[in-house]
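# Summary of the model geometry
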Amino acid sequence: DTAVSQTPKYLVTQMGNDKSIKCEQNLGHDTMYWYKQDSKKFLKIMFSYNNKELIINETVPNRFSPKSPDKAHLNLHINSLELGDSAVYFCASSRGGGTSSYEQYFGPGTRLTVT
Amino acid sequence: DAKTTQPPSMDCAEGRAANLPCNHSTISGNEYVYWYRQIHSQGPQYIIHGLKNNETNEMASLIITEDRKSSTLILPHATLRDTAVYYCIVREGGAGGTSYGKLTFGQGTILTVHP
């Protein structure tokens, strides 16, 4: 059983298009994240949602809009795609709340190529 | 979150122990040390974490120095499948606080296990 799944795995599109990436977790976690890994392999957090509420919004262009319809899903919609958006996008989830430490579980990634 | 320093690459012979060092001299009292790894083209995978005490699980052992300024991840019997980028990350515990569980990835250590 896949814990954190993403669709699609590969996405090739042209500049200016709008696209969405979907993420689902079946771990019962409260918190979900989106990370971006660029061509230089740096992994950077973009967003985090806890119980469907946005709690982290790093300096990301507002062309990127996350949507969390419920605790198990966090989708990423990107408007007006640019060449620089080409990257691998990873979704992750973890338990949330409290003062303990919680590990994050990552999905397999979505490789986005903008031409 | 405190910054970490890791060697860019290391080699290890199959079957031998792999010892990956990490410096985190500015770590504060409520920050945990986490280790993740990323096998080529896959999502990052949680390995282990700790606060003060040494920790061991089925994947690895984590040795944290008494002053908490450095740590070592030990893979006791490295296999070819352990070839990956290993990330040492320091962050506040829990999904609350100011980091909300955010993981800040550095460049990591590329571990190559050879036959």
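See above for the structure.
Residues numbered from 1 in each chain as written. Chains lettered and ligands numbered in written order. Predicted model: local features only at pLDDT ≥ 70, side-chain atom pairs only at ≥ 80, totals over all residues. Heavy atoms only, no water.

### Observations regarding the state of the cysteines
Filter applied, for reference: Disulfide: a pair of cysteine sulfur atoms within 2.5 Å of each other. Helix and strand definitions follow DSSP, with helices as H or I runs of at least four residues and strands as E runs of at least two, each counted in order from the N terminus. Buried residues are those whose accessible area, probed at 1.4 Å on protein chains only, stays under 20% of the maximum for their type, while exposed residues exceed 50% and partly exposed ones sit between those limits.
Within this structure, the stated rule accounts for two disulfides over all chains. One disulfide in the model links C23(A) with C91(A); its S-S distance is 1.9 Å. Judged by the torsion about the S-S bond (-80°), the C23(A)/C91(A) disulfide is left-handed. Taken together, the residues span a long stretch of sequence, with C23(A) in strand β3 (residues 19–25) and C91(A) in strand β9 (residues 87–94) at a distance of 68 residues. Taken individually, C23(A) and C91(A) each receive the classification buried, so the pair is uniform in this respect. Disulfide partner of C22(B): C88(B), at an S-S distance of 2.1 Å. Handedness of the C22(B)-C88(B) disulfide follows from its S-S torsion of about -80°: it is left-handed. Here C22(B) is found in strand β2 (residues 18–23), whereas its partner C88(B) is found in strand β8 (residues 84–92), with 66 residues between them in sequence.

### A closer look at the pairing of strand β6 (residues 61–64) of chain B
All names here are of chain B. Rules: Strand pairing is assigned whenever DSSP identifies at least 2 bridges connecting the two strands.
With two bridges connecting them, strand β5 (residues 55–56) and β6 associate as antiparallel partners. Of the residues in β6, the one forming a bridge with E55 is L62. From the end of β5 to the start of β6, which pair antiparallel, there are four residues. Between the antiparallel neighbours β6 and strand β7 (residues 70–75) lie five residues, among them R68 with a positive phi of about 65°.

### Some thoughts on the nonpolar core
Heads up, the condition is: By nonpolar core we mean a set of buried residues, namely Ala, Val, Leu, Ile, Met, Phe, Trp, Tyr and Cys, connected to one another through side-chain atoms within 4.5 Å. Throughout, a residue-residue contact means that at least one pair of heavy atoms, one from each residue, lies within 4.5 Å.
In this structure, W35(B), L73(B), Y86(B) and L111(B) are the most contacted members of the largest nonpolar core, which totals 21 residues. Within the residue set of this core, elements represented by two or more residues are β2, β3 (31–38), β4 (45–50), β6, β7, β8 and β9 (109–114) of chain B. For this core, the leading source of residues is β8(B), giving four residues. With near-sequence residues (within four places) excluded, L73(B) lies in contact with A18(B), N19(B), L20(B), W35(B), I47(B), I48(B), A60(B), S61(B) and Y86(B). By size, the runner-up hydrophobic cluster in this structure holds 20 residues, among which are F47(A), L74(A), L81(A) and C91(A).

### What to know about unusual backbone geometry
All names here are of chain A. Residues T7 and P8 are joined by a peptide bond in cis, for which omega reads -5°. Residue placement: P8 occurs in the loop between β1 (4–7) and β2 (10–13). Unlike most non-glycine residues, S80 shows phi in positive territory, near 45°. Examined against the element boundaries, S80 turns out to sit in the loop between β8 (73–78) and β9.

### A word on the pattern of salt bridges
We apply this condition: Definition used for salt bridges: Asp or Glu carboxyl oxygen within 4 Å of a side-chain nitrogen of Lys or Arg.
Evaluation of the coordinates by the stated rule reveals four salt bridges over all chains. A salt bridge links R63(A) to E82(A), with the shortest nitrogen-to-oxygen separation between them at 3.5 Å. One end of the pair, R63(A), is in the loop between β6 (53–57) and β7 (64–70); the other, E82(A), is in the loop between β8 and β9, with 19 residues separating them in the sequence. With a shortest N-O distance of 2.8 Å, R37(B) and D82(B) are connected by a salt bridge. Taken together, the residues span a long stretch of sequence, with R37(B) in strand β3 and D82(B) in the loop between β7 and β8 at a distance of 45 residues. Classification of R37(B) as buried rests on a relative accessible area of 11%. Relative accessible area serves as the criterion here: at 12%, D82(B) is assigned to the buried category. Each of the salt bridges in this network shares a partner with another, and the network as a whole consists of R63(A), E82(A) and D85(A).

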